[in-house]
Amino acid sequence: MDRERIVPDRQDAENLSISQLVLPRTVHLIPLDNIDGFDVRPGFYEINGATAIPGGVNFTVYSHGATSIELLLFKRQAQEPFAILPFPRHYRIGNVYSMIVFQLDIEEFEYAYRVDGPYEPEKGLIFDHTKYLLDPYAKAVTGQSRWGDTSPRGQHYKARVVKDDFDWGSMGRPLIPMEDIIIYELHVRGFTKDASSGVKHPGTFSGLMQKISYLKSLGVNAVELMPIFEFDEMQDYRIHNGRELCNYWGYSTVSFFSPNTSYTASLEYNHEGNELKKLIWALHREGIEVYLDVVFNHTAEGNEKGPFFSFKGFDNNIYYLLTPDGGYYNFSGCGNTLNCNHPIVHQMILDCLRYWVTTYRVDGFRFDLASILGRNEDGSPMNKPPLLQAMAFDPILGDVKLIAEAWDAGGLYQVGSFPAWNRWAEWNGRYRDDIRRYLKGDACMAQAVAQRIAGSPDIYGPEDRENASVNFITCHDGFTLWDLFSYSEKHNEQNGWNNTDGANDNNSWNCGTEGETDDPRINSLRRRMVRNAFALLMCSRGIPMFLAGDEFANTQFGNNNAYCQDNIISWLDWNLLEKNKGIFAFFQYMIRFRKEHRILRTNVSNGACGLPDVSFHGVEPWKEKFEDYDRYVGVLFAGWERDTGPQVVYVASNAYWEELRVNLPDLPASMCWELIADTFEEDFLPQRKLSGSTFTIRPRSVMVFVGR
């Protein structure tokens, strides 16, 4: 059969597969029907969403329970449609509706759907033909481009067709080995929104791009972006004590396939995502990976009282976990729970992840409340969740990092037991809690902390999951590192809930005075405690992660749940970088030290210099078991590098309020101990050789030695 190759322009071609570009000569894409004055024909059923093709736009959408679906076309920013195109019955195959509409200019319209079907709330069926519904596969959402816009949005969201014309060139993704990653968690808006950031477009992807040289100088090689999927920051908007509060963090997804357009410096009509792609390209050029914090555990539609704009209208009883009487299970703490292991939802999540990897070149994902992704349709935990297994073995996701927050708001806690297939890493909540308690001087913590520094083999096994532990002491949830040692209690009064929100078990210590103080002794101690925490983090096996701003003692003024604070409480104050440049220099130094000593990141060879790979020590060497009263922990790492020879690092930490005399393990006669960091000193760089193997460690401090 003769075949004709259809050659569209480059932009259109990128939205088509090869099989779609090569068609039999006898099957031209010509109209077969006319609806409401528009020429149409059946579309490409396997291409979800709205896709520009030569001569028109392909619209594909599905619903298991619907009896009919209508496509609604709107002029830009209009509230009511200028055209309503019902999908003809013969345009439906199975539960999929697909239609090509010819002669549409994607820059001149927005679209939504109306879906009809049974209304039986007790069965979870709540179809409502009066609602305008957002396409679950929308690549761009309208009405969200101006942050904080309080003007009425009408009853619906609408979508735009996106033309993917971004040229990635020949540059690939960094593909940094997991053990070499150092993660920096940040909020795109808060990172540069304050005027002190000095960027041209504060609070945007472009503003963040101006800070890449800063990230490079700090030494991190992965940024984890708090949610950048489209969300409505005006959800739950309120005013408290004269201050506007909003959904600032963004953990409430409106559209899984759409970037948050209010994070752009300019409007990107029909090119939504290009500024984000430029950011990712620029980060990759500097060898920095990009991870997205993704929220597949719930959506912004909430419970019975929440809005109705997408998933409720397409298949409420499929997309959400429902109680036997049709109500919403709330394992997320946000009103609803996505039914992740239903085949339809499972497929949508995989499609979404593949889309972000192939279209945006994302390097990894951190899954918020990831234990929900392993729940069955009745809410019970599954032994072998199909979705988690599919992600672990998916070919497109084969080299991306998968990181789980291995718990949820329903009480399921899976740190160390998250279904992993040797692919998933986990936020190690026990690392955070144990290190915090130890640093502030709690008893009975030495044994646990030794394990945490060694990579938590008691949780993940000595070898099976070497890169499973993402070690962190701070993240967006909870205190900043400076506040961890400035406040013994949370201070969330500005959130408007009478200080009842946020965690109470912070394991923090104010060093003697609650909050800000001019006392030089207390501030000196706080700086030392910050150095202690970061030194242990950088000298622990596992993948370290810390919160943006910790490197210059950023504060949230004691707020440990700043989810609603779009102001200086959450924004980074870059003036602190100059004020606390000594802390910043220490962070740089310890990051560099970690990179130079692979033995801190992974087991490089057993038996170097006759020393075990990892060993624990008290004030006397070789301590297998610590006592409840012990507040000194020494951890020794030893190995052999092909290029550098033996590597030996000894991490000494004293959480006691008195100095201690300590004996180091003996080294071979050809080697000696050299001190390379002492957090008790503000300059932290004594770098001196020891004449013997005995040293004094001062109160509440960390010292790091290497064997030369």
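Please refer to the structure placed before this passage.
Residues numbered from 1 in each chain as written. Predicted model: local features only at pLDDT ≥ 70, side-chain atom pairs only at ≥ 80, totals over all residues. Heavy atoms only, no water.

K.L.:
How would you explain the overall build of the chain if you had to name every residue and give the values?
P.N.:
Check the secondary structure of the chain and you find 16 helices and 33 strands. Along the first, second and third principal axes, the C-alpha set of the chain runs to 90 × 65 × 50 Å. The burial tally for the chain puts 61% of its 708 residues in the buried class. When contacts within the chain are restricted to residue pairs at least 6 apart in sequence, long-range pairs at least 24 apart make up 71% of them. When the accessible surface of the chain is split by element, carbon and sulfur atoms take 49% of a total near 26,700 Å². In the chain, 69 side chains carry a positive charge and 93 a negative one; their mean positions are 3 Å apart. (Helix = DSSP H or I, 4+ residues; strand = E, 2+ residues; numbered from the N terminus. Buried < 20%, exposed > 50% of the residue type's maximum accessible area, 1.4 Å probe, protein only. Contact = heavy atoms within 4.5 Å. Areas by Shrake-Rupley, 256 points an atom, 1.4 Å probe, with all protein chains shown as cover. Lys, Arg positive; Asp, Glu negative; His and termini not counted. Charge placed at Lys NZ, Arg CZ, Asp CG, Glu CD.)

K.L.:
Go over the pairing of strand 6 (residues 56-62) with me, naming the residues and quoting the values.
P.N.:
With seven of seven residues buried, strand 6 lies mostly within the body of the structure. With five bridges joining them, strand 5 (residues 49-53) and strand 6 adopt antiparallel strand pairing. Its bridge partner being in strand 6, Ile-53 is matched across the sheet by Gly-56. The loop that links strand 5 with its antiparallel partner strand 6 comprises two residues; one of these, Gly-55, has a positive phi angle of about 95 degrees. Two elements, strand 6 and strand 10 (residues 96-102), share seven bridges in a ladder whose sense is antiparallel. Paired with Asn-58 across the two strands is Ile-100, which belongs to strand 10. (Pairing = 2+ DSSP bridges.)

K.L.:
Can you lay out the sheet that holds strand 11 (residues 110-116) for me, pointing to particular residues and giving the numbers?
P.N.:
Across the sheet, three strands lie side by side as 8-7-11; this open sheet has antiparallel pairing. With partners counted over all chains shown, the strands left at the sheet margins are strand 8 (83-86) and strand 11, one partner each. Put simply, the sheet's adjacent strands are angled 25 degrees from each other on average, direction ignored. Bridge count between strand 7 (residues 68-74) and strand 8: four bridges; the pairing is antiparallel. Across the sheet, residue Leu-71 finds its bridge partner in strand 8, namely Leu-85. (Axes fitted to C-alpha atoms, helices over the stretch in contact; angles between N-to-C directions.)

K.L.:
A description of the sheet that holds strand 31 (residues 688-689) should follow, citing residues and the corresponding values.
P.N.:
With respect to topology, six strands assemble into an open sheet ordered 26-27-28-33-30-31, the strand pairing being antiparallel. Pairing within the sheet leaves two strands with one partner each, and these edge strands are strand 26 (614-617) and strand 31. In the sheet, strand 28 (residues 645-654) pairs with strand 33 (residues 701-707) via six bridges, with the strands oriented antiparallel. Paired with Asn-654 across the bridge in strand 33 is Ser-701. Contacts from helix 11 (residues 446-453) reach strand 26 and strand 27 (632-641) within the one sheet, and its direction differs from that of strand 27 by about 20 degrees. In the packing of helix 16 (residues 581-596) onto the sheet, the strands contacted are strand 28, strand 30 (673-678) and strand 33, and the crossing angle to strand 30 comes to about 145 degrees.

K.L.:
Explain the packing of aromatic side chains to me, using residue names and the numbers behind them.
P.N.:
The final tally for this structure, using the stated rule, is 51 aromatic pairs. An angle of 65 degrees between the planes, with centres 6.1 Å apart, marks the rings of Tyr-650 and Trp-673 as edge-to-face. With Tyr-650 in strand 28 and Trp-673 in strand 30, this residue pair connects regions lying 23 residues apart in the sequence. Residue Tyr-650 is classed as buried on the basis of its relative accessible area of 0%. For Trp-673, a relative accessible area of 2% corresponds to the buried category. Between Phe-695 and Phe-705 the ring centres are 4.6 Å apart and the planes differ by 50 degrees, which places this aromatic pair in the tilted class. Of the two residues, Phe-695 is situated in strand 32 (residues 694-697) and Phe-705 in strand 33; the sequence distance between them amounts to ten residues. For the residue pair Phe-695 and Phe-705, the accessibility class agrees, reading buried in each case. The side chain of Arg-76 reaches across the aromatic face of Tyr-269, ending 3.8 Å from its centre. Directly above the aromatic system of Trp-427 lies the positively charged group of Arg-366, at a separation of 4.0 Å from the ring centroid. (Phe/Tyr/Trp six-rings, centres within 6.5 Å; stacked < 30°, edge-to-face > 60°. Lys NZ or Arg CZ within 6 Å of the ring centre and 35° of its normal.)

K.L.:
Outline the pattern of salt bridges, listing residues and values.
P.N.:
Summed over the entire model, instances satisfying the criterion amount to 34 salt bridges. For Glu-272, the salt bridge identified is with Arg-160, shortest N-O distance 2.7 Å. One end of the pair, Glu-272, is in the loop between strand 19 (253-259) and helix 6 (274-285); the other, Arg-160, is in the loop between strand 13 (125-126) and strand 14 (183-186), and 112 residues separate them in sequence. Judged on exposure class, the residue Glu-272 and its partner Arg-160 are both buried. A salt bridge links Asp-363 to Arg-173; the nearest nitrogen and oxygen atoms lie 3.1 Å apart. In this pair, Asp-363 is assigned in the loop between helix 8 (343-360) and strand 21 (364-367) and Arg-173 in the loop between strand 13 and strand 14, connecting sequence segments 190 residues apart. A network of salt bridges, in which partner residues are shared, links Glu-110, Lys-158, Arg-160 and Glu-272. (Salt bridge = Lys/Arg side-chain N within 4 Å of Asp/Glu carboxyl O.)

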